[in-house]
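Structure assessment
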Amino acid sequence: MNRVFLNDVWVNTILIDLVGISFDSVLKYELFFIGLIIPFFEVLFAGLLLFSKNKKKISFYLIAIHLAVLIILGPFGLNFNSVIWFWNLALIFVLIILYNKAFEITEAKNILSHNFYWLILWFVMPVFSFFGRWYQYLSFNLYSGKGEQMYIYFLRKDLVKPEFGSITLYNHKPSVNLHNWAMKELNSAPIPEMEVYLKIGEEIKKRYGKNRVKIILYNSGNKKITEL
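Residues numbered from 1 in each chain as written. Predicted model: local features only at pLDDT ≥ 70, side-chain atom pairs only at ≥ 80, totals over all residues. Heavy atoms only, no water.

One pass over the structure, following the stated rule, counts seven aromatic pairs. Taking 5.4 Å as the distance between ring centres and 50° as the angle between the ring planes, the aromatic pair formed by Trp-122 and Phe-140 counts as tilted. Here Phe-140 lies in the loop between helix H7 (116-124) and strand S1 (148-154) and Trp-122 lies in helix H7, a separation of 18 residues in the sequence. Pairwise contacts between aromatic rings join Phe-40, Phe-41, Phe-45 and Tyr-61 into one cluster. (Phe/Tyr/Trp six-rings, centres within 6.5 Å; stacked < 30°, edge-to-face > 60°. Helix = DSSP H or I, 4+ residues; strand = E, 2+ residues; numbered from the N terminus.)

Encoded structure:
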């Protein structure tokens, strides 16, 4: 639930790329904040799945969400980020298998004691992601738009390759967005963590030379630019 998600996913990916609505129309008909419906219902149904007695009915709504994701990002939609197609298919089957028949938890104490480490991993560790102490992707934080985007800033134009994807200008020099490069070549997003960015930055500087490239991190939330 943040403006970066609304801008990058709701407006650019869904409204503009998928539906074909122009940005002027988004502003004219005030469609920007309508995108908050997406995270609202995701959180709502997840909570109901935990506490509602009619879990089978709630599972149908969650299956519908996963199907919607497949329609939007799948081969008949934007054909984007193919690695997550299988995640969504897997989660659909998990929901069908788990909630096909009604069940009740009768021995909660035993479940807590036998799954203590999993509960820590799933419910406690993600809290540390708010302080940069735990990975975003291990905290169910995908497509949120949080974190920095990495840009590779080339000081010479001849170093830029076609497989890098779309090129942007930074200080009148070509720069490549790591996310766009990964999506073009791997059809999968890079892990947006500082630890990973530092390793990638070191490898790129080693291959191209420190005097030929610069590594820039850009936070679209606070507009902060950091050079590694």
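Nonpolar side chains in soluble globular proteins tend to end up buried together. By size, the foremost hydrophobic cluster in this structure holds 24 residues, and its most contacted members are Trp-10, Leu-49, Leu-62 and Leu-95. Going through the elements one at a time, helix H1 (3-19), helix H3 (37-51), helix H4 (55-73) and helix H5 (83-99) are the ones with two or more residues in this core. Formed by 13 residues, the second largest nonpolar core is a distinct cluster that contains Ile-152, Leu-159, Val-176 and Val-213. (Core = buried A, V, L, I, M, F, W, Y, C linked by side-chain atoms within 4.5 Å. Buried < 20%, exposed > 50% of the residue type's maximum accessible area, 1.4 Å probe, protein only.)

Note on placement: Tyr-143 falls in the loop between H7 and S1. Ignoring any residue separated from it by four or fewer positions in sequence, one finds Tyr-143 in contact with Phe-5, Val-9, Leu-73, Phe-80, Asn-81 and Ile-84. (Contact = heavy atoms within 4.5 Å.)

Attention shifts here to the pattern of salt bridges. In the structure shown here, the tally under the stated rule is three salt bridges. One salt bridge in this structure joins Glu-203 and Lys-206, with 4.0 Å as the shortest N-O distance. Placement of the pair is Glu-203 and Lys-206 together in helix H9 (residues 194-208), with a separation of three residues, close to one helical turn. Look at Glu-203 and you get partly exposed, because its relative accessible area is 32%. Each of Glu-203, Lys-206 and Arg-207 takes part in one network of salt bridges that share partners. (Salt bridge = Lys/Arg side-chain N within 4 Å of Asp/Glu carboxyl O.)

Looking now at unusual backbone geometry. One non-glycine residue, Glu-30, adopts positive backbone phi at about 50°. Note on placement: Glu-30 falls in the loop between helix H2 (23-28) and H3. The residue Asn-81 is not glycine, and still its phi comes out positive at about 55°. Within the secondary structure, Asn-81 is located in the loop between H4 and H5.

Turning our attention to a nonpolar patch on the surface. Together, Val-83, Phe-86, Trp-87, Leu-89, Phe-93, Ile-96, Ile-97, Tyr-137, Leu-142, Tyr-143 and Ile-191 make up a nonpolar patch on the protein surface, roughly 1000 Å² of accessible area in all. Relative to the elements of secondary structure, Tyr-137 occurs in the loop between H7 and S1. Assessed through its relative accessible area of 31%, Tyr-137 is described here as partly exposed. (Patch = residues over 30% accessible without salt bridge, like charges linked within 9 Å, V, L, I, M, F, W, Y side chains within 5 Å. Areas by Shrake-Rupley, 256 points an atom, 1.4 Å probe, with all protein chains shown as cover.)

Do not read the predicted coordinates in detail wherever pLDDT is low. Here the protein chain averages 85 in pLDDT, while 96% of its residues score no lower than 70. Averaged over each element, pLDDT in the protein chain is lowest for helix H6 (residues 108-114) (72) and highest for H4 (92). (pLDDT = per-residue confidence, 0-100.)

Okay, the pairing of strand S4 (residues 213-219) next. Most of S4 is tucked away, with five of its seven residues classed as buried. Here S1 pairs with S4 via seven bridges, running antiparallel. The partner of Gln-149 across the bridge, within S4, is Tyr-218. Here S4 runs beside strand S5 (residues 224-227); their pairing, made up of four bridges, is antiparallel. Paired with Leu-217 across the bridge in S5 is Thr-226. (Pairing = 2+ DSSP bridges.)

The next subject is the sheet that holds strand S3 (residues 173-177). If you trace the five strands from one edge of the open sheet to the other, you get S2-S3-S1-S4-S5, paired in antiparallel fashion. Of all strands in the sheet, those bounded by a partner on one side alone are strand S2 (167-170) and S5. The sheet shows a mean angle of 35° between the axes of neighbouring strands, direction not considered. Where helix H8 (residues 178-185) meets the sheet, its contacts fall on S1 and S3, and the angle it forms with S3 comes to roughly 60°. (Axes fitted to C-alpha atoms, helices over the stretch in contact; angles between N-to-C directions.)

The next point concerns H1. Taking 1.5 Å per residue, 17 residues should reach 24 Å; H1 reaches only 20 Å between its end C-alpha atoms and comes up short. Taken as a whole, H1 carries its principal kink of about 35° at Val-11. Val-4, Phe-5, Leu-6, Val-9, Trp-10, Val-11, Thr-13, Ile-14 and Leu-15 are the residues of H1 that are buried. Tucked inside the fold, the buried residues of H1 contact H2, H3 and H4. The opening residue of H1 is Asn-2, an N-cap whose side-chain oxygen sits 2.8 Å from the backbone nitrogen of Phe-5. The positive-phi residue at the C-terminal boundary of H1 is Gly-20, with phi of around 90°. (Expected span 1.5 Å × (residues − 1). Bend = angle between axes of the 7 residues up to and from the residue. Polar contact = N/O pair within 3.5 Å; in protein donor to acceptor, adjacent residues only side chain to side chain.)

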